[in-house]
Every structure is written in structure tokens, then in C-alpha cells.
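Next come the chains, spelled out residue by residue.
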Amino acid sequence: VLFLTLISVRLTGTKSGCGGGGCGACTVMVSRYQPATKTIVHYSANACLLPVCQLYGAAITTVEGIGSSKTRIHPVQERIAKAHGSQCGFCTPGMVMSMYALLRNKPKPTMDDITQALGGNLCRCTGYRPIVDGCRTFCQVRVSLCCFIIQPLKIHFLQPNLQEKPRLFDQEKFLPLDPTQELIFPPELIAANPQILTFHGERMTWVSPTSLEELVQFRAKNSKAPLVMGNTNIGPDIKFKGILHPLIISPMRVKELFEVSEGADGVWVGAGSSLSELQSLLEKMVPQLPEEKTELFRALIQQLRNLGSLQIRNVASLGGNIVSAYPNSDLNPVLAAGNCKVKVISTGGSREVPLNQDFFVGFGKTILKPEDVVVSVFIPFTRKGEYVRALRQAPRKEVSFATVTTGMRVLFSEGSRVVQEVSLYFGGMGPTTINATKTCKAITGRLWDEETLNQAYDALLEELDLPPSAPGGKVEFRRSLTLSLLFKFNLEVLQKLKELPEKLQPLPKEIQPSLQDFQVSTRPSVIHITNTWQYFHNASPLLQHVPKDQDSQDPVGRPMMHRSAISQATGEAVYCDDIPKTDGELFMVLVTSSRAHAKITSLDVSEALKLPGVVDVITANDVPGKKARPMFGYEQELLAENQVFCVGQTVCAVLADTKTHAKRGAAAVKITYEDLPDPIFTIEDAIEKSSYYEPRRMFARGDVTEAFKTCDRVYEGQIRLGGQEHFYMEPQSMLVVPVGEEKEFKVYISTQWPTLIQVHTVAETLDIQSNRVTCHVKRLGGAFGGKVIVTSVLASITSVAAWKTNRAVRCVLERGEDMLITGGRHPVLGKYKVGFMNDGRIMAVDYYYYANAGCFVDESVLISEKILLHLDNVYNIPNMRGHSAACRTNLPSNTAFRGFGVPQGLLVVENMVNDVAMALGRPVREVNMYKGPSATHYKFEFSPENLHRCWELCKLKSDYSARRQAVDQFNQQNRWRKKGIALIPIKVSVGVCQAGALVHIYKDGSVLVTHGGTEMGQGIHTKMQQVASRELHIPTSKIFLSETSTGTVPNTCPSAASFGTDANGMAVKEACEILYRRLEPIRLKDPKGSWESWIKEAHLQKISLSATGFFRGEDLYYDWEKMEGHPYSYFTFGVCCSEVELDCLTGDYRTLRTDIVMDIGRSINPSVDIGQIEGAFTQGLGLYTLEELKYSPTGILYSRGPSQYKIPGVCDVPLKFNVYLLPDSYNPHAIYSSKGIGEPTLFLGSSVFFAIKDAVTAARSDSGLSGPFFLDTPATPERACLACASPFIKKVDKPGSFKPWALDI
Ligand SMILES: Cc1cc2nc3c(=O)[nH]c(=O)nc-3n(C[C@H](O)[C@H](O)[C@H](O)COP(=O)(O)OP(=O)(O)OC[C@H]3O[C@@H](n4cnc5c(N)ncnc54)[C@H](O)[C@@H]3O)c2cc1C
Ligand code: FES
Ligand code: FES
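Just so it is clear, the structure is predicted and the values come from calculations on it, not from any experiment. Each chain has its residues counted from 1, running along the sequence as written. Note on labels: chains are lettered from A, ligands numbered from 1, in written order. With the structure being a predicted model, the display of local features is reserved for residues of pLDDT at least 70 and the display and counting of side-chain atom pairs for 80 or more, all residues being used for whole-chain, interface and lining totals. Computation of side-chain values covers all heavy atoms of the structure but excludes hydrogens and water.

Undergrad: I tried to follow the overall build of the protein on my own but got confused; where do I start?
TA: Numbering of helices and strands runs from the N terminus; a helix is a DSSP stretch of H or I covering at least four residues, while a strand is a stretch of E covering at least two. For the protein, the helix and strand inventory stands at 38 helices and 49 strands. Relative to its length of 1305 residues, the protein is compact, with a C-alpha radius of gyration of 31 Å against a globular reference of 34 Å. Along the first, second and third principal axes, the C-alpha set of the protein runs to 95 × 80 × 70 Å. Each residue's exposure class comes from its accessible area (1.4 Å probe, protein chains only) as a fraction of the maximum for that residue type: buried when under 20%, exposed when over 50%, partly exposed otherwise. Out of the 1305 residues in the protein, the part that is buried amounts to 65%. In the protein, 78% of the contacts between residues at least 6 apart in sequence involve partners at least 24 apart. For the protein, the accessible surface area stands at approximately 46100 Å², while carbon and sulfur atoms represent 53% of it. Here the globule rule is a power law, 2.2 Å times the number of residues to the power 0.38, and the radius of gyration is based on C-alpha atoms. Here, residues are in contact when the closest pair of their heavy atoms is within 4.5 Å. Accessibility throughout is a Shrake-Rupley quantity obtained with a 1.4 Å probe, and a residue counts as covered only by protein chains that appear here.

Undergrad: Where do I start with the packing of helix H9 (residues 275-285) against helix H10 (residues 295-306) in this structure?
TA: Pairs of packed helices are described in terms of their axes, by the angle between the two and the distance that separates them. One can describe the packing of H9 onto H10 by two numbers: an axis separation of 10 Å at closest approach and a directional angle of 140°. Taken as axis vectors, H9 and H10 run oblique relative to one another. Judged by the twist between their axes, the crossing of H9 over H10 is left-handed. Along the contact surface, H9 presents Leu275, Leu278, Gln279, Leu282, Glu283 and Met285, while H10 presents Phe297, Leu300, Ile301, Leu304 and Arg305. Classification used: nonpolar for Ala, Val, Leu, Ile, Met, Phe, Trp, Tyr, Cys and Pro, charged for Asp, Glu, Lys and Arg, polar for all others including Gly. The residue inventory of the contact of H9 with H10, partitioned by class, reads eight nonpolar, one polar and two charged. The convention used is that axes are lines fitted to C-alpha atoms, helices contributing only their stretch in contact, and that angles between N-to-C directions extend from 0 to 180 degrees. Geometric relationships in this document are graded by angle, where less than 35 degrees denotes roughly parallel, more than 145 denotes roughly antiparallel, 65 to 115 denotes roughly perpendicular, and other angles denote oblique. When the near helix sits turned anticlockwise from the far one by under a right angle, the crossing is termed left-handed; a clockwise turn instead gives a right-handed crossing.

Undergrad: Which parts of the structure should I look at to understand the environment of Thr765?
TA: Inspection of the secondary structure puts Thr765 in helix H23 (residues 754-766). Taking relative accessible area as the criterion, Thr765 reaches 0% and is therefore assigned buried. Taking the C-alpha atoms as reference, Thr765 lies 9.7 Å from Val793; in sequence the two are 28 residues apart. If we ignore the near neighbours within four places in the chain, the residues touching Thr765 are Val623, Pro624, Gly625, Lys626, Arg629, Leu638, Ser796, Ser799 and Val800.

Undergrad: I would appreciate a short explanation of the sheet that holds strand E48 (residues 1149-1159) in the present structure.
TA: Strand-to-strand pairing in sheets goes through backbone hydrogen bonds, with the strands running parallel or antiparallel. An order of E39-E47-E48-E49 is seen for the four strands of this open sheet, with the pairing classed as mixed. At either end of the open sheet lies a strand with only one pairing partner, and these are strand E39 (977-990) and strand E49 (1216-1221). Each strand axis lies, on average, 10° off the axis of its neighbour in the sheet, ignoring direction. By this definition, two strands are paired if DSSP reports at least two bridges between them. For E48 and E49, the ladder comprises six bridges, and the chain directions are parallel. Considered in E49, the bridge of Val1157 is made with Tyr1220.

Undergrad: Mind showing me how you'd approach the nonpolar core here?
TA: Nonpolar side chains tend to gather and get buried jointly when the protein is soluble and globular. Throughout this description, the term nonpolar core refers to a set of buried Ala, Val, Leu, Ile, Met, Phe, Trp, Tyr and Cys residues connected via side-chain atoms within 4.5 Å. Ranked by internal contacts, the top residues of the largest apolar core, which has 162 residues, are Val834, Ile842, Tyr847, Tyr849 and Met912. In terms of residue count, the dominant contributor to this core is helix H27 (residues 902-920) (12 residues). Not counting the four nearest positions on each side in its chain, Tyr847 is found in contact with Lys831, Tyr832, Leu871, Met880, Arg881, Gly882, His883, Val908, Val909 and Met912. Of all hydrophobic cores here, the second largest spans 57 residues; its members include Leu55, Val269, Leu307 and Val374.

Undergrad: Where do I start with the packing of helix H5 (residues 111-118) against helix H6 (residues 129-136) in this structure?
TA: Running from amino to carboxyl end, H5 crosses H6 at an angle of 130°, the nearest separation of the two axes being 10 Å. Considering their axes alone, H5 and H6 lie oblique with respect to each other. As H5 packs across H6, the resulting crossing turns out to be right-handed. Here Met111, Ile114 and Leu118 of H5 come into contact with H6, specifically with Ile131, Val132, Cys135 and Arg136. Residue classes in the contact of H5 with H6 are distributed as six nonpolar, no polar and one charged.

Undergrad: Got a minute to help me understand the packing of aromatic side chains in this structure?
TA: How two aromatic rings sit relative to each other is given by the distance of their centres and the angle of their planes. Stacked, edge-to-face and tilted labels apply to pairs of Phe, Tyr and Trp rings (six-membered ring for Trp) whose centres lie within 6.5 Å, assigned for plane angles under 30 degrees, over 60, and everything in between, in that order. Under the definition given, this model contains 31 aromatic pairs. Judged by centre distance (5.2 Å) and plane angle (50°), the ring pair of Phe1177 and Phe1217 falls under tilted. With Phe1177 in helix H35 (residues 1166-1185) and Phe1217 in strand E49, the pair connects residues that are 40 residues apart, well separated along the chain. Look at Phe1249 and Phe1250: their rings are 4.9 Å apart centre to centre, the planes differ by 75°, and that puts the pair in the edge-to-face class. In this structure Phe1250 comes out as buried when scored by relative accessible area, which is 3%. Three or more aromatic residues joined by ring pairs make a cluster, and in this case those are Tyr930, Tyr938, Phe940, Phe942, Tyr1118, Trp1120, Tyr1128, Phe1131 and Phe1133. Above the face of the Phe378 ring, Lys341 is positioned so that its terminal group lies 5.1 Å from the ring centre. Here, over-ring charges are defined by two tests on the NZ atom of lysine or the CZ atom of arginine: distance to the ring centre within 6 Å, and angle to the ring normal within 35 degrees. Looking at Arg925, its charged tip hangs above the ring of Phe1250, at a distance of 5.8 Å from the centre.

Undergrad: Honestly, the pairing of strand E23 (residues 628-631) in this entry has me stumped. Any pointers?
TA: As a general feature of sheets, a regular strand has side chains that alternate between the two faces. Taken together, the four bridges between E23 and strand E24 (residues 634-637) define a ladder with antiparallel strand orientation. Residue pairing for E24: Pro630 is matched across the bridge by Glu635. Turn length for the E23-E24 hairpin, with the two strands adjacent in sequence and antiparallel, is two residues, and the turn residue Phe632 shows positive phi of about 45°.

Undergrad: Help me out: how do you make sense of the sheet that holds strand E27 (residues 670-675) in this one?
TA: Pairing within the open sheet is antiparallel, and its three strands lie in the order E25-E21-E27. This sheet does not close on itself; its edge strands, each paired only once, are strand E25 (643-644) and E27.

Undergrad: Looking at this structure, I do not really get the UniProt feature "binding site: substrate" (unreviewed entry) in the protein. What am I missing?
TA: UniProt positions are given in the numbering used here, feature names are shortened, and annotations may be inferred rather than shown by experiment. In the numbering adopted here, UniProt assigns the feature "binding site: substrate" (unreviewed entry) to Phe900. For Phe900, the residues in contact, after removing those within four places along its chain, are Arg825, Glu859, Leu862, Ile863, Lys866 and Glu1239.

Undergrad: What should I look at first to understand the site of ligand 1 in this one?
TA: Taken together, 30 residues form the shell around ligand 1, and within it Met229, Gly230, Thr232, Ser317 and Asp330 come nearest. Residues adjacent in sequence count toward polar contacts only when both atoms are side-chain atoms; beyond that, a polar contact is any pair of N or O atoms within 3.5 Å, and within protein one must be able to donate a hydrogen and the other to accept it. Asn231 is positioned such that a nitrogen or oxygen atom in its backbone is 3.0 Å from an oxygen atom of ligand 1. Ile234 has a polar backbone atom sitting 2.9 Å from an oxygen atom of ligand 1. When ligand 1 sits alone it has 980 Å² of accessible area, and the protein chains cover 95% of it. Among the elements of the structure, helix H12 (318-324) and strand E15 (373-380) are those that each provide at least two residues to the shell around ligand 1. For the shell around ligand 1, the leading source of residues is H12, giving four residues. In terms of residue class, the shell around ligand 1 is built from 13 nonpolar, 13 polar and four charged. When at least one non-hydrogen atom of a residue lies within 4 Å of a molecule or strand, that residue is treated as near it.

Undergrad: Whenever I open this one, the pairing of strand E31 (residues 745-749) confuses me. Can you help?
TA: Here E31 shows a buried face lined by Phe745, Val747 and Ile749 and an unburied face lined by Lys746 and Tyr748. Bridge count between strand E30 (residues 733-738) and E31: five bridges; the pairing is antiparallel. In the sheet register, Val737 faces E31, and the bridge partner there is Lys746. Two strands pair when backbone bridges link them, and E31 and strand E32 (residues 773-777) are joined in this way by four bridges, in the parallel orientation. Residue pairing in the sheet places Val747 in a bridge with Cys775 of E32. Orienting the strands away from the viewer, one traces the path from the first strand over the helix to the second; a clockwise path indicates a right-handed crossover. Note on the crossover from E31 through H23 to E32: the handedness is right-handed.

The structure is reproduced here in C-alpha cells:
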């Protein structure tokens, strides 16, 4: 594919985040000459799926091609960077190229264009708001819609008399976009080549005929060879399923496949047309035709807008989608319902085949013969009285295969409500597209009324049955969706029927509000909640002011762009895998266990060693030093020797000259196993079998048992929190290079903790001294806690490979491997018994927390301890008891993840408080909060004043009281759509560790700063540059940070737990202070001298211009026996208000608005900190509402890429998103009075969960249900919809006992 070619020619700006078209990191622009129209078309595409052979005659533009820091950066690169849209930067080149391709086609795009263009690009760091803000500056039209107006970012101040009016970025200074300056299409590519093209690879041949006749002949002779168009089906099959096609035929140059002809009854569209071309064609035709003729066209447009990403639609073909016959294809149900047909040609001649229930015969199969070529597709006009709709429900609003997708059509006898014809096609309800024929029969010939529809629901339920263990799971939900989607169709048809001259019965009262919503929706997509950014209101961060007397050159407290943002936006930023290949370098691929708990009975690597390019296989026997890593009294084997404990555990590793060869070698390794009985996967299994890591912890304050006796009411509840995959955009990456003498090694690695890699990983594994190992970290493409322990195990194995072969060894995991091998956030089951008074005071709580730790202890015990230390959140509950246990299971080992247990612990606490409020029917948060001078349950004294200030300010800024009332009113007026609002507070602890720094001043006055923190997007290097600038009194332009290295700053702490800036900042400060003091005599002697002149003089006077800084940190401890201590330095407070709108029929929701007020002391860099707040919130939103890990009953992870695992996309950002920094907050414990911010706000994402729960509560009330209820996280559409308990849900039988397709771990 193109991606590999780019790497081989050292164009490393294009990144690979998934390899399967799901993340957009590899986006490039393709330009082609179209002979028919004599125009050049430009479109974005995923390089990971573009076959190079398919690009004959095309020009490719990569991020390097549009601008460079050496010459001129492109306005897109500049604006995304300067708007703070690049944190770790791994997604940035893809974002830039998506936007660039849009601007090449439309220099003045609308916000809708922008969100469509960025829909296929994932970012795990920013929360998207700043990226969109940067891109929005290209929209020149002021769009006014409702009360929200797109306009340049505005800042509001709460404080008077400000000296400066800071803005996050200065739009006026941006480079203008000048389309005349763009690269031209190479003229030599315009000439047509009439020859058949043939390309030969190592194992494949690619043929590209030029005419339909040649194509048909090739196809007849090679009927097993696929026709590759967009490669979006064949490509992932080759890559992920290992399917080999010795011959591939490309019909890209056969003009008949791209022709369009309009007839009296409809339009014939070439099967080779891309889905984007199809969409544009239909969008062009719709306004030119009478409305009644375009029902099918509009349904297709609606479906196309939600199908895949723009990058996918730009290459995926219409014919490819039909022939691929996916079970949940979005087009096929609509095409079939709309009576479309295909024109097929083979050596036997051409024929027309209707697209109906007979066409789709099974999973990926149609009735077409292997030699058939689909030439075109007929899409008919609709007739008078004919209505067509396409409805779908998907796990994420955009870029997600549907859970259930439909095409529905009804034709009424003229002027009546009698059904003449009806088609109801469903995807996602079986192995292929299904027609509900029996249901259609029950409707045909009858009046379209309530009675008919009620019978139709029953028929549909019976007809579209699914066994309880059906692949894909969600059986109850999917079955109910068929009913609710038909109901929605019914609503739309009733609405249409109203327009007929015949007098209709008034609509049933309860559905009217829903209908009104259908009418106003501008994008009547899945949820009928408009998700365009036209509604997106500018964030209005309350920026702190800097003191009046602060030097204008002093950058501390001012927003400053991430120091590498421009390099990241131009693709120049170097990540671990961008380091050029060294001579003789080997690539390492891991061979992992396919069993969850088994003895290894044999390991046969002989076949692997015979394969071309394979050099060696590393097993446990090759480890010269420690074979296992000791952790908290347990041991974790680096390579499994005799037994495996989870699917995905590493058994051995294959080394080869290339990645492709290493992968083939790994596939050839044969391992035999003897399964061991009773593997444990779920928390319930572990509790039943008492499978825990010790110590389990217990905490108690007051007398819980006695207190329960005096409470007015006692309630028992629980909540389960699913795990979370880190999904850092840059997968685990490392390169170990033996220097070649004296056992010295250089390790280039993407890790949060270089010292761990140096000392406890490479040195211990190789049994050498730590002084022989230097670990270098330039930057990480995201980490979030996932690049500490797991990375160290991988680095151990890589170092053994380098040791054994004496050659450089690179290991870069693919997304699927990364997700399989590395664990993530611990799933937690929290149970509680709470006693409370009728006035809302909570008097006693007894908590039980169980965390699914997986097969190794990792940091699980520490995480379960941290859960207990956050048992109070912001509430002063006099009697509390907490028990926490890390459960040992046969799943990949879970590990640290942003928040380190706090997001799980606090969710249980807040759910408990929520339940109390629900039981009492009144809010209870405020009455239970800490007030006045307070002490936590572990006797840590603090003032909750800033918590209350955040609470009040958030209520004020979000207009909470009025909106609460508006939400209640909305809910009374609407039956199928509900709103919910929630206000959630946090108190999160930060402990500050030791840190070191080394600062050099060179003879020319330039300064090199190194410190122990690693740059992973959180902007630590930028903040350190600001610190050094203030202390040395020089501009940041003179200060450089190159990398983090154990050779410059030894014995560092990990960059984790939000204390990176606190600790390293103090160390940098100290080193700079020392240097500045050393310069004092020179400065005093020559006060008017320049910095450069002072440095020159200092060098002449032999003054050392290098200094180290060190920060001790506080002595933090906690005594679990005495239940007291000082485990943290201070608290970060915050409050968040979120409002959602929920479609109770499908469970889809949209976050309408979020307001966050954070107390982060005095921010060193507000733009970086706001980025952290928004990014963490969005990650929390994903955790609590979207991201779902799916394990098979045998412990195999199904969700191994962005296709199956949905992190938030640009479509998930709150439509209105405000972040406010609490003014007048000071913190004596951290540098310049700032506070750690990386982790705390993640929990605020739960405000969306609680808002959903609030909306569900309203829906349940309409179904006659009240009081607390269980809703686990993530509150996916499935969970939310089932919890709404609508009449459709009630119709679906609950299955008895059965083996589920996926486990609730
Ligand atoms: C990330 C991602 C997200 C996606 N999301 C969605 C989604 O939300 N909804 C949805 O419906 N689909 C989705 N898809 C699927 C995508 O729409 C299909 O893969 C695509 O339409 C197939 O077209 P293609 O040109 O890429 O096919 P190719 O991969 O090139 O070919 C697929 C198959 O079709 C056959 N074929 C192609 N053209 C012809 C022809 N003219 N005559 C006969 N046989 C032919 C080939 O022989 C081959 O077997 C997604 C795919 C990806 C990768
Ligand atoms: S790497 Fe190509 S889309 Fe993810
Ligand atoms: S900045 Fe987008 S993934 Fe890191």
C-alpha cells in the first residue's frame, strides 16, 4: 500500500494509527485527471488502504508537500498549530491533509464541510475543539443559526481592570489562504496510456485492463481474482485476515464503470463510481427533479453521509459495496427496498439483475457468478404516493458500521392510505441484508393505521429473530431496534400522509412532539439531533490575567503554542518509528498465546526459520539476565515458558529483515497447548473463586453498622464500569541499538519512564550495569499511562533480540496487536449500601470495589488503593467503609490509565449520591459537601473553599437552574426524546515526586534544557521553556529542548499522575536560578549588555555555564494499618455541567452543552491547560458513554481496532463547550502556584453519563417506572435504550440462560 512506499522513500510525515482506514492518521490527497470532463479532481484518502498500483496516473500530495518549516508552512498547518490543535501531534498530519483536500475543492468551506472532512480523523489528545477552531478560520461566512453564531474565539473575563486581553490565538496574524499558490497537477500524468498494465510483486500480480472487453476476458480466465476498486474490503481482508490473492484485477481504467446516464425512470450509475461521486451526483439531481421523484435519492444521500468517513467514501465504490454484501451494508437495504437493479456483464453477455432478497444469499455472498462484472446500478425515481427512508443506528454517530440499518419503502394506492407495495430491508439482523417479507405481506393491501402497524411489529419481531448468542451480540437491542426503526418510519409516513388531500385522522397525541422534531431537523440522520458544527458555539475560556507588572517578555501565565506544533503539523516531528533504519537492522514481531490459560506443550519455530528474511526467534531461553519482572510480590514473565495466562501473552518473537517477513515468520511458529481448567474472565468469576492479588485493602471511618440503624432509609446499589483502551495514536514503538563495544546499548523508545527502561528493563534483563544503557525519548504520540509497564516488558524482549543478534532491533506494534497484548483501564464493579436521612444527608456508606486486574499484578494494587483514598470525592460522610480488591483473571494485564483508579472510584461514589437523590426525588450533592476547614477520611486537612467557588461559578455560567427547568419542561412535552442535565463536582489529589534537570548555556547564548519529564502531548517541554525563559530573563526562542535522556538527567520519576510540570518545573527553575546567579557579577558590571555579551564574558571568565537542578518533592506516605497519612500534596477541584438529548427509541444521544469550571491554581500556560481539560473530558466522555471492550467467552479480545472500538470523534464534541479557569486560586505546593491538570478532568466526562441517566429517568417515568435503577458504563446507545424501557423493549423477550457472544468483564 501507499503508506509503506512513503516510508521507504523517507516521507514519514504520514502516520499509521490503525492500518485499516479507521483513524485518518495516514490521510493524503489524491489528484487525478478525468478525461471525460477534462478536469482534475482532488480527494482525501487513507494511505494505509491505497494500493500503489491503483495510483497509476494519480498525483499524491502528502503533508510534506504542502509546506515546511524550512520554506513556508501552509495556512492549514499554521492554523491548526497556532489554534493549539496539536498536542502529541500524531494525528496532526492526517488532520492537516483532510482539511487541505477540502480547501483544494472549496477554499471557503462551511462548518458542515469541515466536520464532514474531519469526521474520519481520530485524535486522542485534544478533544477536537481546538482543531475545529483552527479550521473554522477558513469559513468566511458568518453563519447564524438559532442563538449560536460562528465567530472568532471570544474570551470573557470575570475580573475587572485587566491589563491585557489575552486570546488563545491571534487570528489576524494568520497567513492568508491563496489557492493560486497550490501545487499544480503534473502535466505528464494527463496523457492516457492505452496499454494493459501489469505489476509483479513478491507474491502478487496486479493487472489493470483498459477496456470492458479486456476486463471481462481477464475475469473469465481468473474468476477467483478480485476486482479491486477502493480496496476497502479486499485491503483489510489481506491485511488482517492474511488472505492472499495471487492475482488482482483493477477495473479503474474501464470507462464504462464510471458512466452515468439518466433515463425516464431513473438513473444508471457506473458501478466504479465512488460513494462520494454517487453522493454528489444525487445531491445535484435532487433539486432538479420534482420532490416526489427523489424519495429514494434522498434516502440514499442520508445513508451516504453516515457511511464510513469521507476518506473511505472517496475511494469505496458503489459496485464494491453491493458485491461485498456486508451483513450491515448501509446501501444494500436502501437499494433493495428502492427496487434498484444492477447491469452485469460476463463472457456470456450482459443482463440485468434485480437487487432484492434473492440477490443477497449469505455473508459476503450474492447470486452473481464469480466471473460477473457489475457495470452499473439503476436507481429509479420514486412515484407519487411512494415514500422511502433509510434509518440506521450505530455505536458512534459517524464513521461506524451500523448496529441495525434499514431501507424502507411504501407505495400507497393513489390518493389513499391503502398500502399497494411495501419493502422493509434490514442490515445487522443476520448474515446478510434481509427482507422482512412476512411483515410486508401483513401490511400490503391494508390501511396504514395503528392496527396494521401493531400487527406489523408483532410480525417483524417473529420474523427477524436472533438467537441469544448471535454474532455481534446486542440481541435484545437489535431486535427492539427493528421495531423502533419501523415506528420511526411510521412517524415519517404519517407526517407525509398528512400532506395528502384526503382528510386524515389526527395523529396520536403522544407522537406529535417527535414529529415536530423530524420536521425541524436539518440533517435528519440517525438521531434527528442535528450534529453539525453550525450549532457549535465558541468555547469561551476564562483566561487568567497576568499581573500588571509582569514583563511583557515573560511567557509564564500566557497562552503559548505547543513548542513542536509546527513540526507536528508539517510532518517534520520525529517519532520513534521515524528514526531512519540503520544498517542490518531487524524488525521484531511477537508471537502471542491464543489460549487464555494453558500449558505450553511444544514450541516449534523450524518452519518460521526457513522463511525468507527470517533471522532468528527469541524465546525465554535467550534472556541473559532476569527472565521475569518482580512486581508487588508477584512475577511477570517476559516470555512465557511453560504456561500462558491470557490470550495475547507473548511466547516468543520473530526477527527478520523486514516487518512483512517477520509477520510471516510469526504466523509460521507452531505452539501447542494443553488447556487448564476454569479460566477466570469476569469479576463475578473472580469473586466466586476468591481470585485476588494481595493485599486487598479496607478502610473505615466512624461506625457504619451502627449508623445504618439510625438512618431514615437504606438503599443498596451497584454500578459496573467497563474498561478502556488507551488508544494512544502512536502504538508501542522502540528501537534498541547495540553500540558494538563494552555491552553498551542505546534505546530509542516511546515511554513515559526512561529510567524504568534503562535500569529495571534493559540493564536487568541483559544483566549489565545501568551505565551501559542510555534511553532516549524524543516525544510520544500519546501515552495516557499505557507506556510504562507494558512498554518495559516489550523493551526487555527487544533488548534481548538486540543482544543475541548484535544488531539493531525495532519493534513497532500494529494497532490490533497493541490492543490485544496491552491491557488498559481496569473494569470495576462497585457495590454500595447507603444510609441517608429524609433531608438528604448521607450518614453511612459501605463500599465494595472489585477491579478486573487481568493476569499480572502490574500496578493494580496501587490502583485499588487509590480508589479507596478517593472514597469521599467532595462529600463529608461521617461513617464510611470501603473494601477494594484487585481480581486476578485470565485477561491481559490491566495497567495505569489517566486517573489511575480515580475515574472508576468516583463514578461509584457519584452514582451512589445520584441514587440517593433519585430515591428522595431531590438534589443532595450540596447538602453533603465538605464545608469550612475540613479533613478527608484519611485525616488530610484542607479547605474546600475553591470547590464551592467552582460549584457556584459553574451553576452561574451554565445557567443551571433555568436549564434544569427547561429540561423538565421539554421532557413533559416529548415522549420519545428526552433531555437530561447533570452537575458533577471533583476533588482529585496530586502528589509531587522528585525531579531533576540539566541546563546548558552555550557560547552563543543559546540554552539547552533537559529534564526528567517526557513530552507526550501534554506540553511539558513548552512549559519548561516558559519556566527557563522567566528565570533566565530571555525569550523562549533562545531555549531549546531536544529530548529526554537518562544520559543527561538520571533516576527520574515517570511522567504520570499530573505532577510532571510541578516537579520538573521546580528542577528547571533551580538550575536556571543557579546559572542566573553565576552571571550576576557580569550582569551588574554591564547592566546594559546583551544576554549574548554576558555569556561570552562568562565563558572568558571560566564560569561554568551548565547546572543541574533538583527537586526533592514532599515526603508522601500512607499507613494502611493506622488509616492515616499524607499521601498527596494538594487537591485540584472542578465542576462540570453537561446537558444531553436522548433519542429513547434508539439510545442515540448528543451532548448539547458542557460547561467546566476548573481550579488549576495559576496556570503556567492556559492554552496548554485548557487543551488538557478538554482532552481529558473527551476521553472521559468516551469512557463513560462510548468505548466498549468486547471479549469472547474464551477470553479473546474482539475489539482490536477503530472499526470495533469507538473512541470519541469530532461528532461527539459537545455542541457548545465552555471551559472556565477559576480566578484567584493559588497553590503553594507547585511551581508558580499552578496545579496538576492532566488527569483530574477525565472524571468530568461522567457528567454526560449522569445527564444520560437523567434523560433515561424521564423516559422511564413515562413508562411508569420511578426511583433508582442500574445503568452501567459505558452508557452506550444499547444500554441507554434498554434502560428507557419503551414499549418496544418490553415486547422483546429476555433470553433465558445462554452463552453470550461477548462477556461483561
Ligand atoms: C473504515 C471503514 C468504514 C466503513 N464503514 C462503512 C459503513 O458505515 N457502511 C457501509 O455500508 N460500509 C462501510 N464500509 C465498507 C465499504 O463501504 C465497502 O468496503 C466498500 O464500499 C467496498 O467498495 P470497494 O470499492 O472498496 O471494494 P473493493 O475492496 O475494491 O472490492 C470489494 C469486493 O467487491 C468486488 N467488486 C468490486 N467492484 C466490482 C464490480 N464492479 N463488479 C463485480 N465485483 C466487484 C471485488 O471483487 C471484491 O470482492 C467501511 C469500510 C471501511 C474500511
Ligand atoms: S492508519 Fe490509515 S486510517 Fe488509520
Ligand atoms: S494530538 Fe491528536 S492524537 Fe495526539
